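# Structural overview for review
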Amino acid sequence: KAVNAKLRAHYPESQELFKVILIDDNRSDELNNAIREHKIAAAVMKTPGEMAEVSESELRIAFDGDAVLFSNESERVYASEGLEAFYRNEREKVNDPMKEGPFKGFLQVLVKLQRKLHDKKLLDKKCPIRTYLVTSRGGGSPGFRALNTLRYWGLEIDEALFLAGAPKGPMLEKIRPHIFFDDQMFHVEGAAEMGTVACHVPYGIAQRVPKKGIKDKEISSAPK
Ligand SMILES: [Mg+2]
């Protein structure tokens, strides 16, 4: 509502408004097919028992990186060749943009709306849309590659948080996004436990690699 009120106020002639479509159906086979075949941004929403209070005047949207904004190409390297190979891959390809993931298009639309509002001098805190990258990638090459990819696409993100394996829930509790997207169920659950509306993106290798048996130490620095 806050975003649309600003858009209507500054662009009364435009029909370009923020819309959300909720489908009361979580048959994941169909979702998976839709994502794979049509590259649509779809996710299964998990609502927390107790929801954290969120801003009424600013829409905050948080995204995971790998297999959400970005493709799962780096994750595949980690899954098949291990952590060292992952780091080597990110070092060697730090300036090669990753391919797009299922939610790149959604970020693109948000950035487009932000730019329209920026054009009307609604900058920084005055802009009613704020975007966040919340990734388990750490600093160094893995982090730079994520930023370089966004730069290559010409998409600014308001805040990029490189958690280097730290749990996402507490950080999201501070950000208080209206919605968070991640392909790894344990991040979705961790976020929901801390009061964030979190959505599971059924895309990428995380849907096939069993998490059990992977040591915490390894998970802590892997791309998620
Ligand atoms: Mg991920």
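For the structure itself, look to the data block above.
Presented here is an overview of the structure given in this document. (Residues numbered from 1 in each chain as written. Predicted model: local features only at pLDDT ≥ 70, side-chain atom pairs only at ≥ 80, totals over all residues.)

### Quick word on the packing of helix α4 (residues 83–92) against helix α6 (residues 140–153)
- Relative to each other, α4 and α6 sit at 50°, their axes nearing to 8 Å. Between α4 and α6, the crossing angle belongs to the class labelled oblique. Considering the relative orientation of α4 and α6, their crossing is left-handed. Residues Y87, E90 and R91 of α4 form the contact with α6, whose participating residues are S141, P142 and R145.
- Class assignment for the residues of the contact of α4 with α6 results in two nonpolar, one polar and three charged. (Axes fitted to C-alpha atoms, helices over the stretch in contact; angles between N-to-C directions. Helix = DSSP H or I, 4+ residues; strand = E, 2+ residues; numbered from the N terminus. Parallel < 35°, antiparallel > 145°, perpendicular 65-115°, else oblique. Left-handed = near helix turned anticlockwise from the far one by under 90°. Contact = placed C-beta atoms within 7 Å. Nonpolar A, V, L, I, M, F, W, Y, C, P; charged D, E, K, R; others polar.)

### Looking at the sheet that holds strand β2 (residues 59–63)
- Taken in spatial order, the six strands make up an open sheet running β1-β6-β5-β2-β3-β4, and their pairing is mixed. For this open sheet the edge positions go to β1 (44–46) and β4 (159–162), each flanked by a neighbour on one side alone. Across this sheet, the average inter-strand angle for adjacent strands is 20°, counted without regard to direction.
- As paired strands, strand β5 (residues 179–182) and strand β6 (residues 198–200) are joined by three bridges and run parallel to one another. Bridged to D182 within β6 is H200. (Pairing = 2+ DSSP bridges.)

### Structural notes on the nonpolar core
- Grouped together as the largest cluster of nonpolar side chains are 37 residues, with contacts concentrated most on F63, F103, F180, F181 and V201.
- When contributions to this core are tallied by element, the ones reaching two or more residues are β2, α5 (104–119), β3 (129–135), α6, β4, β5, α8 (185–193) and β6.
- When residues in this core are grouped by element, the largest group, five residues, is from α5.
- In contact with F63, other than residues within four places in its own chain, are V68, L69, F103, L107, Y132, L133 and F181. (Core = buried A, V, L, I, M, F, W, Y, C linked by C-beta atoms within 7 Å. Buried ≥ 20, exposed ≤ 12 C-beta atoms within 10 Å, placed from the backbone.)

### Details of unusual backbone geometry
- With a phi angle near 70°, A67 is a residue other than glycine that sits in the positive phi range.
- Secondary-structure assignment places A67 in the loop between β2 and α3 (73–81).
- Taking the C-beta count within 10 Å as the criterion, A67 has 27 such neighbours and is therefore assigned buried.
- Within the chain, K121 stands out as a residue other than glycine whose phi angle is a positive 70°.
- Tracing the backbone shows K121 in the loop between α5 and β3.
- Classification of K121 as exposed rests on a count of 9 C-beta atoms within 10 Å.

### Focus on α3
- Listing the buried residues of α3 in full gives S74, E75 and Y78. Around the axis of α3, the buried residues are gathered within 100° of arc, so they sit on the same side. The exposed set on the far side of α3, more than 90 degrees from its buried face, consists of S80 and E81. (Arc of directions from axis to C-beta.)

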